[in-house]
Amino acid sequence: MGPALPKIRRRRIGMVLAGMASVVIAASLASFAMNPASAQTAGCDVEYQLTAQWPGGYNANVEVTNLGAAAVDPWRLEWDYANGQKVANAWNATATQSGAHVTAVGVEYNRRLTTGTTVSFGFSGTTSGSQNAAPTSFKLNGVQCTGAVQPTPTSASPTPTATPTGNPGQDEWNPPSNLVQPLNEVWAHVEDTYNLNFRNFGWDQVMATGGTINYCVRWDSQNTVTAQTRDQIAAKLQDQYNRWFDQMAGWNEWPFDEIEVNVVGWAAYDRDLLQWSDNSVDIYIGDIREDAPQCAEECGRFFHQDGNYSQCPGGAARHYDQSLWLTQGMGGGAGGDWGQRMGQEYFVNALNSAQIHIYLHELGHTFGLDDFYDWTPTGQCCFIMKAGSSSTITSFDQWMLRDWWRHLKSRYGY
């Protein structure tokens, strides 16, 4: 396996314990309105996700994205349970319950939810029977969610709304005030740890291709894979990239509305394991490196960072920038400039989940985001790059990604 991103003092490979595959219960629920006297449009996206479940109990994660025109402070999310569930311990929010009605409110370090940003919180709960249905509706700050950005009533003399902090499209570095100190701490750690002259960060790969990433899948497994699963994997890689980079679109000269993700090749132990006959991807059989099938080195950016793919059997168009290394029976994961590695069963079983959190964590490493095994930035508890603390990308994760672009963009002429 290629090394993780190079560091000055030490080198770590990102690891996260593989738990129960996350099950998405409901997604993209509804919109909200802020104070009608000052908000002219309102909208949000809510994702409710079971992250673990056992007889009599469960863990859940809730992600709320503000799509509206003004910040809400503090945010307050409400819902009702239908099967007697009880919220126990919550993190990243204060949660109370009266009967079936649950109210979750932001805490000091995440209470302000600005436009285009996301907050996530989680909790453990108990169940009294075999049913554990997701809530069917949510209210944010007292307004029923509807699933779209929409006008809301205004006063006769509406108050002009300033550009929200952190809104994609702005060109200045202006994170929420509660994130300024921890972001500064993170970047100081980056400068003290990484070799920033390295030229194969995920940023370098995307800029070299003009906004695309090509993958080759290392099928390190004796299980068969169908054409349907092959196509689902390709679609899921695009979806997961979007979850990181949707918040980058239009921000601080970031030049791409979307990073286009393509799977151009598969490597396997035996051709019979790949149960399709079309030629939509290049196939590599029997080249075993690091005890696993390897895609052609002649086509790999890790091996040809000068962009010379003249010996690639499929030509430069079929070169691959990253590998998705899926290993049968593996727990945890690893990530770096070469790509991402995790359990084959885990990844395939999570294809119907909204966020494949181990993959998202490892993809963060590809773009330079660090692990936080031995320290935590001030005021930050739970975020996807702190392994095991969050199953979703948080606002803090997104601002760390933006900070990397802010510091590296000059080397691409921006």
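For the structure, check the block above.
Residues numbered from 1 in each chain as written. Predicted model: local features only at pLDDT ≥ 70, side-chain atom pairs only at ≥ 80, totals over all residues. Heavy atoms only, no water.

(A) A look at the overall build of the protein chain. In terms of regular secondary structure, the protein chain is built from 6 helices and 22 strands. Relative to its 414 residues, the protein chain shows a buried fraction of 54%. Across the protein chain, every contact between residues at least 6 apart in sequence was considered, and the portion connecting residues at least 24 apart equals 71%. Just so you have it, the protein chain exposes about 16,400 Å², and 48% of that area is on carbon and sulfur atoms. (Helix = DSSP H or I, 4+ residues; strand = E, 2+ residues; numbered from the N terminus. Buried < 20%, exposed > 50% of the residue type's maximum accessible area, 1.4 Å probe, protein only. Contact = heavy atoms within 4.5 Å. Areas by Shrake-Rupley, 256 points an atom, 1.4 Å probe, with all protein chains shown as cover.)

(B) Geometry of the state of the cysteines. Applying the stated criterion across every chain, the model contains 3 disulfides. There is a disulfide in this structure between Cys299 and Cys312, and the S-S distance comes to 2.1 Å. Linking Cys299 and Cys312, the disulfide has an S-S dihedral of approximately 95° and is accordingly described as right-handed. Here Cys299 is found in the loop between strand 19 (292-293) and strand 20 (322-327), whereas its partner Cys312 is found in the loop between strand 19 and strand 20, with 13 residues between them in sequence. Under the relative-accessibility criterion, Cys299 is labelled buried at 0%. (Disulfide = S-S within 2.5 Å.)

(C) The arrangement of helix 6 (residues 395-408) in detail. Compared with the 20 Å implied by 1.5 Å per residue over 14 residues, the 20 Å span of helix 6 between its first and last C-alpha is a close match. Across the 14 residues that make up helix 6, a large majority, 12, are buried. Buried residues in helix 6 make contact with strand 9 (118-126), helix 1 (177-193), helix 2 (202-209) and helix 3 (227-245). (Expected span 1.5 Å × (residues − 1).)

(D) How the structure looks around the packing of helix 3 against helix 6. At their nearest, the axes of helix 3 and helix 6 sit 9 Å apart, and the two run at 80° to each other. The pairing of helix 3 with helix 6 is recorded here as roughly perpendicular in orientation. Between helix 3 and helix 6, the contacting residues are Arg243, Trp244 and Phe245 on the first element and Asp397, Gln398 and Leu401 on the second. When grouped by side-chain class, the residues that make up the contact of helix 3 with helix 6 number 3 nonpolar, 1 polar and 2 charged. (Axes fitted to C-alpha atoms, helices over the stretch in contact; angles between N-to-C directions. Parallel < 35°, antiparallel > 145°, perpendicular 65-115°, else oblique. Nonpolar A, V, L, I, M, F, W, Y, C, P; charged D, E, K, R; others polar.)

(E) A look at the sheet that holds strand 20. Ordered by their spatial adjacency, 6 strands build an open sheet running 17-15-13-20-22-21, and the pairing between neighbours is mixed. Pairing within the sheet leaves two strands with one partner each, and these edge strands are strand 17 (282-285) and strand 21 (333-336). With direction set aside, neighbouring strand axes in the sheet form an average angle of 20°. Bridge analysis of strand 13 (residues 212-220) against strand 20 gives 6 bridges, and the strand direction is parallel. Paired with Cys216 across the two strands is Ser323, which belongs to strand 20. Packing of helix 2 onto the sheet brings it into contact with strand 13 and strand 20, and relative to strand 13 it is tilted by some 120°. Against the sheet, helix 5 (residues 357-366) touches strand 13, strand 20, strand 21 and strand 22 (339-343), its axis set at about 155° to strand 22. (Pairing = 2+ DSSP bridges.)

(F) Summary view of the environment of Lys139. Within the secondary structure, Lys139 sits in strand 10 (residues 139-140). In the structure, Lys139 is positioned 60 residues away from Trp79 in sequence and 6.5 Å away in space, judged by C-alpha atoms. Once you skip the residues sitting within four places of it in the chain, Lys139 turns out to touch Arg76, Leu77, Glu78, Gln144 and Cys145.

(G) Structural context of a negative patch on the surface. A surface patch of like charges, here negative, comprises Asp246, Asp257, Glu258 and Glu260. Here Glu260 shows up in strand 15 (residues 260-268). (Patch = residues over 30% accessible without salt bridge, like charges linked within 9 Å, V, L, I, M, F, W, Y side chains within 5 Å. Salt bridge = Lys/Arg side-chain N within 4 Å of Asp/Glu carboxyl O. Lys, Arg positive; Asp, Glu negative; His and termini not counted. Charge placed at Lys NZ, Arg CZ, Asp CG, Glu CD.)

(H) Fine view of the pairing of strand 9. Across the 9 residues that make up strand 9, a large majority, 8, are buried. Pairing geometry for strand 4 (residues 57-66) and strand 9, over 9 bridges, is antiparallel. Following the sheet pairing, Glu63 is matched in strand 9 by Ser120.

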